[in-house]
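Breakdown of the fold
Here are the chains, one letter per residue:
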Amino acid sequence: MTFSTDTNGSKEFYDEFHGTTTMYKSLFKKPNTKVVPLTKRITKNAVSMSILLVLFIVLYFLSFDKFALFVVAFLAAVEVLMLSLLIITNKLIRQEMARAVPSEVTIDNTGIQFKNDNGVFKMNWEKTKFILINKYSIVFAPMDKNAISLALDTDCKDLVLEGLKEVGKEGLVVDNTDLYK
């Protein structure tokens, strides 16, 4: 089965896809897990650091302890790094959205293939661990955690499921859409 995608994907799609790829270790053990978008995870960590930073600033002014000053400096540096990471991640997602091009997607007995102006990307079924359907993304997760993942917007969900049924690979699907309701 072959179909075309004309969507560039939303910010939510790219954010969720990157959240999925950074959660591979836990998803490989338990694929029925709600994926937290990458920017949401970074923001949550930055807020936690801010709270710790404020607490240690208060502690420093109450005790004027050198250790508390050291911790304040360390937490401030980590907070700057977290905020920088958030800015960079958002910038990269915007760049990916701008670079996205329509693809011709083929699902056959050997695997799934994406063909577009950027090249041809293929994942064979024997190298596919599972196909994860989330709120905004469908991710074809490779057996090798370091290999490239392929992803589609959930706008293509019905076509993907139909194609997988045609080739008898619907057993690879982990549909997590109910986790987001």
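You'll find the structure just up there.
Computed from a predicted model, the values in this text were never measured in an experiment.

Some thoughts on the overall build of the protein chain
Broken down by element type, the protein chain carries five helices and eight strands. Its helices and strands taken in sequence order, the protein chain reads β-α-α-α-α-β-β-β-β-β-β-α-β from the N to the C terminus. The C-alpha atoms of the protein chain give a radius of gyration of 21 Å, which is well past the 16 Å a tight globule of 181 residues would have. In terms of its C-alpha atoms, the protein chain occupies a principal-axis envelope of roughly 70 × 35 × 30 Å. Residues counted as buried form 39% of the 181 residues belonging to the protein chain. Taking all contacts inside the protein chain whose residues are at least 6 apart in sequence as the whole, residues at least 24 apart take part in 55%. Charged side chains of the protein chain number 22 positive and 20 negative; the gap between the two group centres comes to 9 Å.

Criteria and cut-off values
Residues numbered from 1 in each chain as written. Predicted model: local features only at pLDDT ≥ 70, side-chain atom pairs only at ≥ 80, totals over all residues. Heavy atoms only, no water. Helix = DSSP H or I, 4+ residues; strand = E, 2+ residues; numbered from the N terminus. Rg over C-alpha atoms; globule rule 2.2 N^0.38 Å. Buried < 20%, exposed > 50% of the residue type's maximum accessible area, 1.4 Å probe, protein only. Contact = heavy atoms within 4.5 Å. Lys, Arg positive; Asp, Glu negative; His and termini not counted. Charge placed at Lys NZ, Arg CZ, Asp CG, Glu CD.

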